[in-house]
Amino acid sequence: MTPKITVFGEMLWDMLPSGKQPGGAPMNVAIHLKNFGMNPAFISRVGDDDLGVELMDYLNNQDFNTDYIQTGITHLTGIVKVNLTDKTEVTYKIVQPVAWDYIMTTPENKQLVKDSDVFVYGTLSVRSQQSRDTLFELLKDAKLKVFDVNIRPPHLDRATTEYLLEQADIVKVNEHELHTVCTWFGIQPEVETQMKFLYERFNLKLVCVTLGADGAVVLSADGFHSQGGYAVEVQDTIGSGDSFLAMFLKEYISGSSIPSALKKACAVGALVASYSGATPVIAEKEIADFLTNNQINHV
C-alpha cells in the first residue's frame, strides 16, 4: 500500500522577472511527491479570482488531488514577489493578507489527517490566526508529523515555531534556519551541535539539515548520516529544498535506508536547481543517469 501523505499550507504564484510560476513550499512539496509517484492530498485555500482559477487549473491538469483546497470570496489568491539577484540565495516579498491565511478547519480535512500516515506542515502558513488555529487543530489528529521549517522574515514568531517543533517527529531545515532557531537557545554555531540540540530538546525521530551545494546531513537514533552535494549549473534554487524533502520522505517512508534516501534526495535537489522554477518534472531515469554520471562536490 502506498503511504497516505497530507500536506498543509500556502499555495501561491511566484512573481519572477520572467513571469509568474506556481509556488509556495508546501504546494511544491506536494507536487514533487505527486511527480515521484505518490498521491498526496493538499489542504490550502485560494481566492475566487482569476489567479485562483488558474492555479487550480494548473493542478487539475496534472491530475493532482484538489479536493481539500478551499476557495474563499473575501481574500485574493496569494502572490510572492521574488528577487533573483542572487540565484543561490533567493529572497521573497510575501503579500499579506491573502486566501491561504484563512484556511478553515472542516470535518473533511480533520478526517483526512486522521486517515493519513504522514502530515507535512511549515512555518509560513501560521503567520495568521485562522490558518494557525486550523493547523494546531489538525496536528492533534496527525500520526507521523513532518515540520518543514521555512523561515521567511518578517513572518516569524519564536513561540509558535517552538510549538511546531514540539509537535514534530521529523524536522527538515536548512543551515541558516537551523542557526536562527538555535540562536534563540544560545547553542554554538556548529551544525552537528545544533542538530543534536534540536534532536534531544524536541524528542525528534529525525533532524535533516540541507547545506545547499554541500549536500545534507541527517541525525537519527543511529547517529549522523552525511551526503555531499552535486555540481550543477544553477538556474535558481526555488523549490530545490522542497524537491529534496519530497524525495527524502518518499524513500524514507517506503523503507529505504537513510543514506540511500539522502543520496537520491540530494541528487533531485541539485537537478531542480539546474532548472528554472520550483516544480520541473524530474523522471526516475533522469535521476538514475544523473547519479551515474555525476560526482559529489564534497564528502
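Scroll up a little and you will see the structure.
Note that the structure is a prediction, hence the values are computed from the model and not measured.

What follows deals with the sheet that holds strand β11 (residues 206-210). Here we have 9 strands laid out as an open sheet, ordered β5-β4-β1-β8-β9-β10-β11-β12-β13, and mixed in their pairing. Taken across any chain shown, the strands that pair with only one partner, and hence form the sheet edges, are β5 (69-72) and β13 (223-227). Going across the sheet, the axis of each strand differs from the next one's by a mean of 15°, ignoring polarity. Sheet topology places strand β4 (residues 41-47) next to β5; 4 bridges connect them, and they run parallel. Its bridge partner lying in β5, valine 46 is registered against threonine 71. Sitting on the sheet, helix α2 (residues 50-60) touches β4 and β5, and the angle it makes with β4 is about 155°. Relative to strand β8 (residues 118-122), helix α4 (residues 129-139) is tilted by about 155°, and along the sheet it contacts β1 (5-8), β4, β8 and β9 (144-148).

It is worth spelling out unusual backbone geometry at this point. Cis peptide bonds are those with omega within 30 degrees of zero, and the linkage from glutamine 96 to proline 97 qualifies with -5°. For proline 97, the location among the structural elements is in the loop between β7 (91-94) and α3 (107-115). Here the residue pair proline 153 and proline 154 is connected by a cis peptide bond, since its omega of 5° sits within 30 degrees of zero. Its place among the elements puts proline 154 in the loop between β9 and α5 (158-167).

Let us look at the pattern of salt bridges. Taken as a whole and judged by the stated rule, the model has 13 salt bridges. A salt bridge links lysine 140 to glutamate 137, with the nearest nitrogen and oxygen atoms 3.1 Å apart. When the shortest N-O distance is used, the salt bridge between glutamate 284 and lysine 250 registers 3.4 Å. Placement of the pair is glutamate 284 in helix α10 (residues 284-293) and lysine 250 in helix α8 (residues 240-253), with a sequence separation of 34 residues. Given the relative accessible area of 39%, glutamate 284 is considered partly exposed.

In total, this model carries 10 aromatic pairs according to the counting rule given. A ring pair is formed by phenylalanine 8 and phenylalanine 119, whose centres lie 6.5 Å apart and whose planes are at 55°; its orientation type is tilted. Pair noted here: phenylalanine 8 is in strand β1 and phenylalanine 119 is in strand β8, with a separation of 111 residues, a long-range link. Geometrically, the ring pair formed by phenylalanine 42 and phenylalanine 64 is edge-to-face, given 6.5 Å between the ring centres and 80° between the ring planes. Note that phenylalanine 42 is positioned in strand β4 and phenylalanine 64 in the loop between α2 and β5, a separation of 22 residues in sequence. Each member of the pair, phenylalanine 42 as well as phenylalanine 64, is classed as buried. Cluster of aromatic residues (ring-pair linked, three or more members): Phe8, Phe119, Tyr121 and Phe147. In this arrangement the basic side chain of lysine 20 is found over the ring face of tryptophan 13, its NZ or CZ atom lying 5.1 Å from the centre.

Thresholds applied
Residues numbered from 1 in each chain as written. Predicted model: local features only at pLDDT ≥ 70, side-chain atom pairs only at ≥ 80, totals over all residues. Heavy atoms only, no water. Pairing = 2+ DSSP bridges. Helix = DSSP H or I, 4+ residues; strand = E, 2+ residues; numbered from the N terminus. Axes fitted to C-alpha atoms, helices over the stretch in contact; angles between N-to-C directions. Contact = heavy atoms within 4.5 Å. Salt bridge = Lys/Arg side-chain N within 4 Å of Asp/Glu carboxyl O. Buried < 20%, exposed > 50% of the residue type's maximum accessible area, 1.4 Å probe, protein only. Phe/Tyr/Trp six-rings, centres within 6.5 Å; stacked < 30°, edge-to-face > 60°. Lys NZ or Arg CZ within 6 Å of the ring centre and 35° of its normal.

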